[in-house]
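Chain by chain, the residues:
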Amino acid sequence: MLHVALRPRFLGLLALMVVATLVCGLLASWQWERAHRAITDKAAGSEQLGDLRQVIGVGDPVTNAIVGDIVTADGSYVPGEQVVVPGRNIDGTDAVLVVSALLVELEDGTEARLPVARGWMPAEELAGADGQLDPDLAPAPPTGTVEISGRLEASEAASGGVNGGAVGEISTPLLVNEWGSPMYAGYVSLGEPSGGLRPLPAAESEFSRGLDWQNIGYSLQWVMFGVFFLYLWWRSVRAAHLDEIAERRETIKAMLAEEPGGAGDDPARTSHAASDAGAERSLAPTAVGLPSTPAASPTAGPTPDKDV
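A.B. asks: Teacher, can you tell me more about the overall build of the protein chain here?
C.D. replies: What the protein chain contains, in helices and strands, is 6 helices and 6 strands. Secondary structure of the protein chain in N-to-C order comes out as α-α-β-α-β-β-β-β-α-β-α-α. Residues classed as buried in the protein chain amount to 32% of the 308 residues present. Here the protein chain displays about 19500 Å² of accessible surface, and carbon together with sulfur accounts for 58% of that area.

Put into structure tokens, the structure is as follows:
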């Protein structure tokens, strides 16, 4: 198979596959560095990023490079746009989160909604007379223009809808349907809540936990792609080698199956033909009742005359 691999066509294909493999290696290294840098940055603690509008655009995803860092924003809360998120366990307490919509003015003069997790309170404090959760008992947000500061968090994955002012997750895809757009893709968790609410711990959503693993997974995928390119070249060489072997085998079979050109070309057939001719002569019949006449001698003279 080596003589096939050393042909110019396959050497050129090998060079192309090697280049593709090197590119995959560089991409794998880049993804690995991203994952490592994000983990290192988070280990160093939250970073002060400043004005939210300078950190992330409306609709842009909150990546692991900035999730959990501190941002600031100013605007006014929209009356009536508030939901509660029950079913959370904070320090062993059945907790309910309170999330309100903050209207932020953008640099181009337009406005966008920013979900703000204002804090949490025990579920028992939001229970109505019937013992069921009553979202109307949650404290209303402040009025007028406010300045907030808190951790920038990624949107949680949606698994339900809005039910009577209560949602299962802080999910911007759900809230944008309830409050309207445009809206930031993440939310801000206040560091110093007001209105009797308690500060939320750092979020550990599936998105933020899985992003590092996602980058690591991408890195491994690029490595697999590089190995696949080399394997593809080996398969091409092997296929060409096997095709040539099969072609030679078929040629040999065809040569062996060809008929000879004539009897004279085959000594065995010539010998058999001579034997058959001799047998036919030995079996030729003789005339019955006819004596055999000896051949006249060439030296015999004329018969002498008899006396009458």
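Next comes the rest of the description.
A.B. asks: Help me out: how do you make sense of the pairing of strand S2 (residues 70-90) in this one?
C.D. replies: Regular strands place side chains that alternate from one sheet face to the opposite one. Two strands pair when backbone bridges link them, and strand S1 (residues 48-51) and S2 are joined in this way by 3 bridges, in the parallel orientation. Within S2, the residue paired with Gln48 across the bridge is Ile70. As paired elements, S2 and strand S5 (residues 145-153) share 7 bridges and run antiparallel to each other. When the bridges of S5 are listed, Ile70 appears paired with Arg151. As paired strands, S2 and strand S3 (residues 93-105) are joined by 9 bridges and run antiparallel to one another. The residue of S3 that forms the bridge with Ser76 is Leu103. Taking the residues that link successive antiparallel strands as the turn, the S2-S3 hairpin has 2 residues, and the phi of Asp91 there is positive, at about 55°.

A.B. asks: Teacher, can you tell me more about unusual backbone geometry here?
C.D. replies: The bulk of non-glycine residues show a negative phi, and the bulk of peptide bonds are trans. Cis geometry marks the peptide bond from Ser181 to Pro182; its omega dihedral reads 0°. With respect to the secondary-structure elements, Pro182 resides in the loop between helix H4 (172-179) and strand S6 (187-190). One non-glycine residue with positive phi stands out, namely Asp91, at about 55°.

A.B. asks: Can you walk me through the packing of aromatic side chains in this structure?
C.D. replies: When we look at a pair of aromatic rings, we describe it by the centre distance and by the angle of the planes. For the coordinates displayed, the defined rule picks out 1 aromatic pair. Stacked on the ring of Trp120, the Lys or Arg Arg198 has its end atom at 5.0 Å from the ring centre.

A.B. asks: Would you mind showing me how to read the pattern of salt bridges here?
C.D. replies: Where charged atoms from two side chains of opposite charge come close, those side chains can pair. Considering all chains together, one arrives at 4 salt bridges under this definition. A salt bridge links Arg113 to Glu81; the nearest nitrogen and oxygen atoms lie 2.8 Å apart. Taken together, the positions of Arg113 in strand S4 (residues 111-122) and Glu81 in strand S2 put the pair 32 residues apart, joining distant regions of the chain. When sorted by exposure, Arg113 lands in the same class as Glu81, which is buried. Between Arg88 and Glu156 there is a salt bridge; the shortest N-O distance is 2.7 Å. Taken as a pair, Arg88 in strand S2 and Glu156 in the loop between S5 and H4 lie far apart in primary sequence, 68 residues in all. Among the residues examined, Glu156 registers a relative accessible area of 13% and is labelled buried.

A.B. asks: Explain the confidence of the model for the protein chain here, please?
C.D. replies: Any region with low pLDDT has predicted coordinates that should not be read closely. Mean pLDDT over the protein chain works out to 77, with 74% of the residues at or above the 70 mark. Summarising per-element confidence for the protein chain, the mean pLDDT is lowest in helix H6 (residues 267-282) (48) and highest in S4 (94). A low-confidence stretch, residues 205-211 stays under pLDDT 50, and its non-local contacts, those more than four residues away or across chains, total 11 contacts.

A.B. asks: Honestly, the side chain of Glu153 in this entry has me stumped. Any pointers?
C.D. replies: By the element assignment, Glu153 lies in strand S5. Looking at Glu153, the relative accessible area reads 3%, which means it is buried. Of note is the side chain of Glu153, whose polar atom sits 3.1 Å from the side chain of Arg151.

A.B. asks: Help me understand the environment of Gly196 in this model?
C.D. replies: Looking at where Gly196 falls in the secondary structure, it is placed in the loop between S6 and helix H5 (206-257). A relative accessible area of 65% means that Gly196 is categorised as exposed. For the pair Gly196 and Met121, spaced 75 residues apart in sequence, the C-alpha to C-alpha distance is 8.0 Å.

A.B. asks: Honestly, the nonpolar core in this entry has me stumped. Any pointers?
C.D. replies: For soluble globular proteins, the rule of thumb is that nonpolar side chains tend to be buried together. With 21 residues, the main nonpolar core has Leu52, Leu102, Leu114 and Ile148 as its most contacted residues. Of all elements in the fold, only S2, S3, S4, S5 and S6 reach the threshold of two or more residues within this core. Residues contacting Leu102, with those up to four places away along its chain left out, are Gly75, Ser76, Tyr77, Ala112, Arg113, Leu114, Val116, Val146 and Ile148. Val99, Trp120, Trp179 and Tyr187 belong to the second-largest nonpolar core, a separate cluster that totals 16 residues.

A.B. asks: Explanation requested: a nonpolar patch on the surface in the structure shown.
C.D. replies: Together, Met1, Phe228, Tyr231, Leu232 and Trp234 make up an exposed nonpolar region whose accessible area comes to about 460 Å². Relative to the helices and strands, Phe228 resides in helix H5.

How each quantity is defined
- Each residue is numbered by its place in its chain's sequence as written, counting from 1.
- Per-residue local features are limited, in this predicted model, to residues with pLDDT of at least 70; the limit for side-chain atom pairs, both in listing and counting, is 80 or more; totals at the level of whole chains, interfaces and linings are taken over all residues.
- As a rule here, side-chain values cover all heavy atoms of the structure and leave hydrogens and water aside.
- The way it works is that DSSP assigns letters per residue, a run of H or I at least four long becomes a helix, a run of E at least two long becomes a strand, and they are numbered from the N terminus.
- Relative accessibility under 20% of the residue-type maximum defines a buried residue, over 50% an exposed one, and the middle range a partly exposed one, all with a 1.4 Å probe and only protein chains included.
- Note that accessible areas follow from Shrake-Rupley with a 1.4 Å probe, and for residues the cover is restricted to the protein chains shown.
- When DSSP finds two or more bridges between a pair of strands, those strands are recorded as paired.
- Between 30 and 60 degrees the pair is tilted, below 30 it is stacked and above 60 it is edge-to-face, where a pair is any two Phe, Tyr or Trp rings, Trp via its six-membered ring, whose centres lie within 6.5 Å.
- Put simply, a charge is over a ring when the Lys NZ or the Arg CZ is close to the ring centre, within 6 Å, and near the line of the ring normal, within 35 degrees.
- By salt bridge we mean one thing: a side-chain nitrogen of Lys or Arg within 4 Å of a carboxyl oxygen of Asp or Glu.
- pLDDT measures the predictor's confidence residue by residue and takes values from 0 up to 100.
- In this analysis, two residues are considered to be in contact whenever any of their non-hydrogen atoms come within 4.5 Å of each other.
- N or O atoms within 3.5 Å of each other form a polar contact, as long as, within protein, one can give a hydrogen and the other can take it, and as long as residues adjacent in sequence are counted only when both atoms are side-chain atoms.
- Residues grouped as a nonpolar core are buried Ala, Val, Leu, Ile, Met, Phe, Trp, Tyr and Cys residues, joined through side-chain atoms within 4.5 Å.
- Like charges are joined within 9 Å and nonpolar side chains (Val, Leu, Ile, Met, Phe, Trp, Tyr) within 5 Å, but only among residues with over 30% relative accessible area and no salt bridge; these make up the patches.

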